[in-house]
Amino acid sequence: MTSSSDRSPAVDVLSTRTYEIRTYGCQMNVHDSERLAGLLEDAGYVRAPEGSDGDADVVVFNTCAVRENADNKLYGNLGHLAPRKASRPGMQIAVGGCLAQKDRDTIVKRAPWVDVVFGTHNIGKLPVLLERARVQEEAQVEIAESLEAFPSTLPTRRESAYAAWVSISVGCNNTCTFCIVPALRGKEKDRRPGDILAEIEALVAEGVSEVTLLGQNVNAYGSDIGDREAFSKLLRACGKIDGLERVRFTSPHPRDFTDDVIAAMAETPNVMPQLHMPLQSGSDPVLKAMRRSYRQERFLGIIEKVRAAIPHAAISTDIIVGFPGETEEDFQQTLHVVREARFAQAFTFQYSKRPGTPAAEMDGQIPKKVVQERYERLVALQEEISWEENKKQVGRTLELMVAEGEGRKDDTTHRLSGRAPDNRLVHFTKPDQEVRPGDVVTVEVTYAAPHHLLAEGPVLGVRRTRAGDAWEKRTAEKASKPAGVLLGLPKVGVPEPLPAVTGGCAVD
């Protein structure tokens, strides 16, 4: 432990304390941060005003460990806060998440002004550890080796009134050579279906109309409870929940993507025609080196089946360029799959070493110049395909769920933004009548760009929803309280795949 001289003196605990959470990494971290916010508010903390930038009484870093320089970024941010903490009596800094699980005591050795270090398995302990650090005036490092309580049993401060993450499992049983997540999140542990459905029903009762089922390897759900068709059954059960308009999930693994899941997607009306299916590489030798348990033919076979069952499905993916040993021929196979699959969107990443992963020690590390050149070719091809696929949407009539904060130019263009059923982003002309985030509008697409669509004509219809009512109620409540600081990712609104890490595959 670290001596009390490394920390600022105690503060009057009767005063209201503010908090700020800085979130890095995947959807699971984003969802964990909603839990951390709920825990802190349940313990009496209030969110710091927007733009406080480290001026909160408690600053929590929810970290990611998949990037080569993740630790440098963390310690740089901690160093930035050190003088501020020294001048502010009672300020506390906590570090959690995957990097905390990995580095443990190293954090307080390198940054002795940190008060609390907690891991991925015991996020529920944060308020207790903060109080213990305050009373004892020494750092508290507590890393659980296994899950103490499923995160969904903890209080939550959701970022959206109308769209919610619902975690159905934690951990991952895969052993991909580029990924450190299983070592930090542990083996897969599934929630009971009844608990998941009860949470969704409670969310719908609060006004939520869209949920995204979340897991490191979401469609492997059932392996821990001994039911190979548990995920497809869960999708169908979601279809029976009255008031639940949209269901999404992320991220699946091709190994576990079975025909019963495709059938459930096609036959359950509120399961959206959208699929994020990580490819990583189109080369069989590279997939083998990655320890990905499928090959190019299997992957393209899944895409073909999904398209046959759900013709308008938008399919996105993750691709790593420059994995150790990748040849030009290997890379050409990746380009071949991209051309064949015609992804609506691809999150493309240049391979970088992850400390603690087998790939980091492999021979055949690719020179940066070669990786960059391949990456640029891949991005150019995918941009071309994304634009062509978006142009096919022109003339279609779509129902959009109005989103908040997703159109950066909405104020200047006098437009609003929303998500189509397939999760494409559509900017539309602002109608004369009031439209709230969570409401649904009907529009006709008039223009396509590579990453968004426009509906420049008049809105064809507006449907006010309970989700819009929930947004309006929350907005009114916020107006009477101090403004909050947004978590790092995602933006308020419909959850979407994140470029930092998508699902269970720690790519970047």
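Residues numbered from 1 in each chain as written. Predicted model: local features only at pLDDT ≥ 70, side-chain atom pairs only at ≥ 80, totals over all residues. Heavy atoms only, no water.

> Before we move on, can you summarise the pairing of strand E11 (residues 246-250) with the specific residues and values?
The buried fraction of E11 amounts to 5 of the 5 residues, a majority that puts the element mostly inside the structure. Residues Arg 246, Arg 248 and Thr 250 point to one face of E11 and Val 247 and Phe 249 to the other, with burial holding for every one of them. For strand E10 (residues 210-214) and E11, the ladder comprises 5 bridges, and the chain directions are parallel. Pairing of Leu 213 across the sheet is with Phe 249, part of E11. (Buried < 20%, exposed > 50% of the residue type's maximum accessible area, 1.4 Å probe, protein only. Helix = DSSP H or I, 4+ residues; strand = E, 2+ residues; numbered from the N terminus. Pairing = 2+ DSSP bridges.)

> If you had to explain the pairing of strand E4 (residues 92-97) to someone new, which residues and values would you point to?
Burial within E4 is extensive, with 6 of its 6 residues counted as buried. Of the two faces of E4, both are covered, the one formed by Gln 92, Ala 94 and Gly 96 as well as the one formed by Ile 93, Val 95 and Gly 97. Across 6 bridges, the pairing between strand E3 (residues 58-63) and E4 is parallel. Opposite Val 58, over in E4, you have Gln 92 as the bridge partner. Sheet analysis places E4 next to strand E5 (residues 116-118), joined by 2 bridges and oriented parallel. Across the sheet, the residue bridging to Ala 94 is Val 116, located in E5.

> Can you lay out the packing of aromatic side chains for me, pointing to particular residues and giving the numbers?
If you walk through the whole model with that rule in mind, you get 4 aromatic pairs. When the centroid spacing of 6.2 Å and the interplanar angle of 65° are considered together, the rings of Phe 299 and Phe 343 count as edge-to-face. With a gap of 44 residues between them, Phe 299 in helix H11 (residues 296-309) and Phe 343 in the loop between helix H12 (328-341) and strand E14 (345-350) connect regions that are remote in the sequence. A relative accessible area of 0% places Phe 299 in the buried class. Arranged with centres 5.5 Å apart and planes meeting at 70°, the rings of Phe 323 and Tyr 351 form a pair that is edge-to-face. You can see Phe 323 sitting in the loop between strand E13 (314-321) and H12 and its partner Tyr 351 sitting in the loop between E14 and helix H13 (368-391), a full 28 residues away along the chain. (Phe/Tyr/Trp six-rings, centres within 6.5 Å; stacked < 30°, edge-to-face > 60°.)

> Requested: an account of the sheet that holds E5, with residues and values cited.
Taken in spatial order, the 6 strands line up as E2-E1-E3-E4-E5-E6 in an open sheet, and their pairing is parallel. If you trace the sheet from one side to the other, it starts and ends with strand E2 (46-47) and strand E6 (140-142), each paired once. Bridge analysis of E5 against E6 gives 3 bridges, and the strand direction is parallel. In the sheet register, Val 116 faces E6, and the bridge partner there is Gln 140. The sheet strands contacting helix H1 (residues 27-42) are strand E1 (18-23), E2, E3 and E5, and the helix crosses E1 at an angle near 170°. (Contact = heavy atoms within 4.5 Å. Axes fitted to C-alpha atoms, helices over the stretch in contact; angles between N-to-C directions.)

> How would you explain the nonpolar core if you had to name every residue and give the values?
Of all hydrophobic cores here, the largest spans 64 residues; its most connected members are Ile 200, Leu 213, Leu 235 and Phe 257. In this structure, Ala 56, Ile 93, Val 117 and Ile 180 belong to the second largest nonpolar core, which totals 25 residues. (Core = buried A, V, L, I, M, F, W, Y, C linked by side-chain atoms within 4.5 Å.)

> Which residues make up the state of the cysteines, and what values do they have?
Summed over the entire model, instances satisfying the criterion amount to 0 disulfides. The cysteine Cys 98 is free of any disulfide, with Cys 64 supplying the nearest cysteine sulfur at 6.3 Å. Cys 172 takes part in no disulfide bond, and the closest cysteine sulfur to it belongs to Cys 179, at a distance of 6.5 Å. Residue classification places Cys 172 among the buried positions, given a relative accessible area of 3%. (Disulfide = S-S within 2.5 Å.)

> Residues and numbers for the confidence of the model for the protein chain, please.
Low pLDDT means the predicted coordinates in that region are not meant to be read closely. Looking at the protein chain, the pLDDT average stands at 87 and 88% of residues meet or exceed 70. Contacts for the low-pLDDT stretch residues 482-508, under 50 throughout, to residues beyond four places or in other chains number 124 contacts. (pLDDT = per-residue confidence, 0-100.)

> Tell me about the sheet that holds E14, and name the residues and values.
Working definition: the strands of a sheet are paired by backbone hydrogen bonds and lie parallel or antiparallel to each other. Ordered by their spatial adjacency, 3 strands build an open sheet running E12-E13-E14, and the pairing between neighbours is parallel. Lying at the two open borders of the sheet, with one neighbouring strand each, are strand E12 (274-276) and E14. On average, each strand axis in the sheet is inclined to that of its neighbour by 10°, with strand direction left out of account. As paired strands, E13 and E14 are joined by 6 bridges and run parallel to one another. By the bridge assignment for E14, Asp 318 is matched with Phe 347. Against the sheet, H13 touches E13 and E14, its axis set at about 175° to E14.

> Can you explain the packing of helix H8 (residues 230-238) against helix H9 (residues 259-267)? Please cite residues and give values.
Helix-helix packing is described using two parameters, namely the angle between the two axes and the distance between the axes. At their nearest, the axes of H8 and H9 sit 8 Å apart, and the two run at 5° to each other. Of the possible angle classes, the one that applies to H8 and H9 is roughly parallel. Residues Phe 231, Ser 232, Leu 235 and Arg 236 of H8 pack against Asp 260, Val 261, Ala 263, Ala 264, Met 265 and Glu 267 of H9. Classifying every residue of the contact of H8 with H9 by side-chain character gives 6 nonpolar, 1 polar and 3 charged. (Parallel < 35°, antiparallel > 145°, perpendicular 65-115°, else oblique. Nonpolar A, V, L, I, M, F, W, Y, C, P; charged D, E, K, R; others polar.)

> Describe the packing of H12 against H13, listing the residues and the values that go with them.
As a packed pair, H12 and H13 sit with axes 10 Å apart at the nearest point and diverge in direction by 10°. By the angle between their axes, H12 is roughly parallel relative to H13. Facing H12, whose interface residues are Glu 328, Phe 331, Gln 332, Leu 335, Val 338 and Arg 339, H13 presents Arg 374, Arg 377, Leu 378, Leu 381, Gln 382 and Ile 385. Of the residues contributing to the contact of H12 with H13, the split by class is 6 nonpolar, 2 polar and 4 charged.

> For H1, give the residues involved together with the corresponding values.
For H1, which comprises 16 residues, the first-to-last C-alpha distance of 23 Å matches the rise-based estimate of 22 Å (1.5 Å per residue) to within 8%. Along H1, 14 of the 16 residues are buried, which leaves the element largely enclosed by surrounding structure. After H1 finishes, the residue Gly 44 shows a positive phi value of roughly 105°. (Expected span 1.5 Å × (residues − 1).)

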